[in-house]
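Reading the structure
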Amino acid sequence: MSEQAHSNRFRLGNPLALNQPVSKKSSNLSTGESLYDEALRLGEELNQRPLLGGGVDRVRTQHAKGRMTVWERIKVLTEEEPNILFRNWGPSLDGASIVTGILNIGGRDVAVYGHDFTVRAGSMDATNGAKLARLLYMAGENGIPLIGMNDSAGAFVPAGVGGLDGYSEAFTALRKISGLVPSISLMFGYNAGGGAYLPRQGSFMIQCEDTFIGLTGPGVVKSVLGETVSADDLGGPGVHGLSGVCDLTTKDELGSLRTALRLLQYLPDNNRSLAPFAATSDPVDCHNFEEDLLFRRTFASPAGMNAPMDITLYLQQIADYGEFFELQPQRARNLVTAFGRLGGHVVGFVANNSAVASGQIDVDAALKGTRFIRFCNVYNIPLIFIEDVSGFMPGTEQEHRGIILAGRKLLDSIIDVRTPRMTMIIRNAIGGAYACWNSYFTGADRVFAMPMARIAVMGPAGTEFVYKDQIREISQQYHSAIERGASEIEAASARDAALAGLSDQYESEIMNPKEALSLGSVSSLVMPGESRRVLAQNLDYLMRHYTPEPMSGVQREHE
């Protein structure tokens, strides 16, 4: 090497000097911009692209429909800056129509995804299918709950089979994390095909008004079946709230988002943890005079012990601050399923509601109860059964719909419960319904009854079987009186009085908790006004001795 070359090689100069020569490799000669600056500009552009969505005009269109953008919905869920994952935006907008990330909601990590309807109508392709699946698997592995904001027209048709592949991958991922972490699906806009199937795989589904969910839209129904139907009548919240496809319905998007936040407060992070405990200032050791008054007014009415009672009024006496969160309130109101807190612990209430169809269990009530009970069992939520049921609903309509199968599913779900569980019998506990309804013999930890409990093989109709000889004798006396010349009115009056006496005798001798107490089917009587104290005391004990963990053991054939 020459001396000059050696000198140039090791010369020290001011690297910040303005007259330093610039290598062609480190600058863009056409703009005078360094490659580093160009990379920064490109980075800012790529980071901003997802935030801009489909552009101002598309956002304006979304607002004109009364809908938020996905970014506005995220802001309702949390005030914290979202941690957005996979800001990909391919040359054909691949992956851009769905947003995935992690939110801080009330100090809890929550996985979230949301379709961006301003980009290709939120449709699914292979890229964002993989993107969504990656988020779902991450939620399952890290044990954090999931909120999905669905606003999608379905598979992106120009993507060909790639759109279907994307849905298949997302379907599989959501199924794989089912039972690992709870999920809430929010339905916005028009969701068809895979856009309807995907969210229903989750734990809970919330739909607001002016939205549609369906495997096919009204146009397809018209062309295939010749049937004209509106989108609301085909797949609106009124339809899905009654069928159980949706667990909750709301007036608008804001209502759905806030309902999701409220529901999240009752859910654990995963199947290895308990739902959040919330210390309460509502005393649990006081006599509740309002509860006593509720029963007194109900059973002192002309209908007596057959008077209907809205069971939610009783739940208000038990739950902390009288608050509970009812699920599927539009469907099968003869059974109420709700989350609440008792002494700070989250509990699941499963309560017969005699104000609707006498509280009898029909197909819809059985399926509604089964789903709720199984969710609580998977996610370590204790259950409190409020029993006031005279039996399963009879009739050809119920038999044709499969009441045997639906009732069996309900019974199986109760037998399979592993979490702490108690039963309070407030009135009727009759026949097969009693046998199914979380008795000691199906695994209950505690069974309590009130003094007005009527625990028997049959209801009032059982009088005919228990006192059949006496009834036969009363009938003979009636006919004998007629033959002796007595008026039919007098004879009928005497007969009816005698039969009423037998009914009263059946009520006092059999329709009561005495035999159940003597056999140990009921552990103790609870006086009206003492329900909250007794249940809270026993729940606290049971929860101290319960360790939350994933389900294990044999998996039964039927769910």
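Now for a quick tour of the structure.

A few words on the layout of surface pockets. As a volume, the largest pocket reaches approximately 1300 Å³. Looking at the lining of the largest pocket, the elements that each hand over two or more residues are helix 6 (161-177) and helix 14 (363-378). Top contributing element to the lining of the largest pocket by residue count: helix 14, with nine residues. Its residues placed into classes, the lining of the largest pocket shows 14 nonpolar, 16 polar and twelve charged.

What follows is about the packing of helix 12 (residues 289-299) against helix 13 (residues 311-318). Relative to each other, helix 12 and helix 13 sit at 165 degrees, their axes nearing to 9 Å. Considering their axes alone, helix 12 and helix 13 lie roughly antiparallel with respect to each other. Crossing angle aside, the handedness with which helix 12 passes helix 13 is left-handed. Here Glu 290, Glu 291, Leu 294 and Phe 295 of helix 12 lie close against helix 13, whose contacting residues are Leu 313, Tyr 314 and Gln 317. Residues belonging to the contact of helix 12 with helix 13 are distributed by class as follows: four nonpolar, one polar and two charged.

Right, let's talk about the pattern of salt bridges for a bit. One pass over the full model with this rule turns up 20 salt bridges. A salt bridge links Glu 209 to Lys 251, with the nearest nitrogen and oxygen atoms 3.4 Å apart. With a gap of 42 residues between them, Glu 209 in the loop between strand 9 (204-208) and strand 10 (212-214) and Lys 251 in the loop between strand 11 (248-250) and helix 11 (253-264) connect regions that are remote in the sequence. For Glu 209, a relative accessible area of 36% gives the class partly exposed. Since its relative accessible area comes to 63%, Lys 251 is described here as exposed. Three or more residues joined by partner-sharing salt bridges are found here, namely Arg 331, Asp 364, Glu 397 and Arg 401.

In this section: the packing of aromatic side chains. If you walk through the whole model with that rule in mind, you get 13 aromatic pairs. When the centroid spacing of 5.1 Å and the interplanar angle of 50 degrees are considered together, the rings of Phe 339 and Phe 372 count as tilted. With Phe 339 in strand 13 (residues 335-342) and Phe 372 in helix 14, this residue pair connects regions lying 33 residues apart in the sequence. For the pair Phe 339 and Phe 372, a shared accessibility class is recorded, and that class is buried.

Before going further, it helps to examine the side chain of Gln 328. Tracing the backbone through its elements, the reader meets Gln 328 in the loop between strand 12 (324-327) and strand 13. Under the relative-accessibility criterion, Gln 328 is labelled buried at 3%. Setting aside chain neighbours within four positions, we find Gln 328 in contact with Gly 244, Cys 246, Asp 247, Lys 368 and Arg 371.

What follows concerns the sheet that holds strand 7 (residues 183-187). Judged by pairing direction, the sheet is mixed, and its seven strands sit side by side in the order 3-4-5-6-7-9-11 without closing on themselves. Of all the strands in the sheet, the pair left with one neighbour each is strand 3 (83-85) and strand 11. Averaged over all pairs of adjacent strands, the angle between strand axes in this sheet comes to 20 degrees, irrespective of strand direction. Across four bridges, the pairing between strand 5 (residues 108-115) and strand 6 (residues 146-150) is parallel. Bridge pairing links Ala 111 to Leu 146 in strand 6.

Glancing now at the pairing of strand 13. Along strand 13, eight of the eight residues are buried, which leaves the element largely enclosed by surrounding structure. Across four bridges, the pairing between strand 12 and strand 13 is antiparallel. Paired with Phe 324 across the two strands is Gly 340, which belongs to strand 13. When strand 13 meets strand 14 (residues 345-352), the two strands line up antiparallel, connected through eight bridges. What sits directly across from Leu 335, in strand 14, is Asn 352. The loop that links strand 13 with its antiparallel partner strand 14 comprises two residues; one of these, Gly 343, has a positive phi angle of about 60 degrees.

Two numbers describe how helix 4 (residues 70-77) lies on helix 11: the axes approach to 9 Å, and their chain directions differ by 40 degrees. With respect to each other, helix 4 and helix 11 are oriented oblique. The hand of the helix 4/helix 11 crossing is right-handed. Along the contact surface, helix 4 presents Arg 73, Val 76 and Leu 77, while helix 11 presents Glu 253, Leu 254, Leu 257 and Leu 261.

Tracing the sequence through the fold places Asn 191 in strand 8 (residues 190-192). Judged by its relative accessible area of 0%, Asn 191 is buried. Taking C-alpha positions, Asn 191 is 7.4 Å from Asn 150, a pair spaced 41 residues apart along the chain. Setting aside anything within four residues of it in sequence, one finds Asn 191 in contact with Asn 150, Asp 151, Ser 152, Ala 196, Phe 212, Ile 213 and Gly 214.

Together, Val 220, Val 224 and Leu 225 give the surface a local cluster of nonpolar side chains, amounting to about 300 Å² of exposed area. Its location among the elements puts Val 220 in helix 8 (residues 218-225).

This paragraph deals with helix 19 (residues 468-483). In this model helix 19 runs 23 Å from its N-terminal to its C-terminal C-alpha over 16 residues, within 8% of the 22 Å that 1.5 Å per residue would give. Where helix 19 is concerned, the buried positions are Ile 474, Tyr 478 and Ala 481. Each buried residue of helix 19 lies within a common arc of 70 degrees when the element is viewed along its axis, so the set occupies one face. If you follow the buried residues of helix 19, they end up packed against helix 20 (488-509). Looking one or two residues past helix 19, Gly 485 carries a phi angle of roughly 105 degrees, positive in sign.

About the criteria used
Here, residues in each chain are numbered from 1, in the same order as that chain's written sequence. Note on the predicted model: pLDDT of at least 70 is required for a residue's local features to be given, and 80 or more for side-chain atom pairs to be given and counted; whole-chain, interface and lining totals, by contrast, use all residues. Excluded from the side-chain calculation are hydrogens and water; included are all heavy atoms of the structure. Points on a 1 Å grid, built from protein atoms alone, make a cavity when a 1.4 Å probe fits but cannot get out and make a pocket when they are open with protein on both sides within 12 Å along at least 5 of 7 lines; residues with an atom within 4 Å of a point are the lining residues. Grid points are joined across faces, edges and corners, and a volume is the space filled by probe spheres set on the points. Counting from the N terminus, the helices are the DSSP runs of H or I reaching at least four residues and the strands are the DSSP runs of E reaching at least two. Throughout, the ten residues Ala, Val, Leu, Ile, Met, Phe, Trp, Tyr, Cys and Pro are labelled nonpolar, Asp, Glu, Lys and Arg are labelled charged, and all others, Gly among them, are labelled polar. Axis definition: a line fitted to C-alpha atoms, limited for helices to the stretch in contact. Angles are taken between N-to-C directions and run from 0 to 180 degrees. Oblique is the label for any angle not under 35 degrees, not over 145, and not in the 65 to 115 range, which are roughly parallel, roughly antiparallel and roughly perpendicular in turn. Put simply, a crossing is left-handed when the front helix is turned counterclockwise from the back one by less than a right angle, and right-handed when it is turned clockwise. Between two residues, a contact is recorded if the distance between any of their heavy atoms is within 4.5 Å. Salt bridges are defined as contacts in which a side-chain nitrogen from Lys or Arg sits within 4 Å of a carboxyl oxygen from Asp or Glu. Only protein chains enter the accessibility calculation, which uses a 1.4 Å probe. A residue is then buried if its area is under 20% of the maximum for its type, exposed if over 50%, and partly exposed in between. For Phe, Tyr and Trp, rings pair up if their centres lie within 6.5 Å, where Trp contributes its six-membered ring, and each pair is then called stacked (planes under 30 degrees apart), edge-to-face (over 60) or tilted (otherwise). Here, a strand pair is defined by DSSP locating no fewer than two bridges between the strands. Patch definition: residues above 30% relative accessible area lacking any salt bridge, with like charges linked at up to 9 Å and the nonpolar side chains Val, Leu, Ile, Met, Phe, Trp and Tyr linked at up to 5 Å. In this description, accessible areas are obtained by the Shrake-Rupley approach with a 1.4 Å probe, and a residue is regarded as covered only by the protein chains that are shown. How far a helix is expected to stretch is found by multiplying one less than its residue total by 1.5 Å. By arc we mean the arc of the directions from the helix axis to the C-beta atoms, nothing more.

Read these as geometric descriptors, not functional statements.
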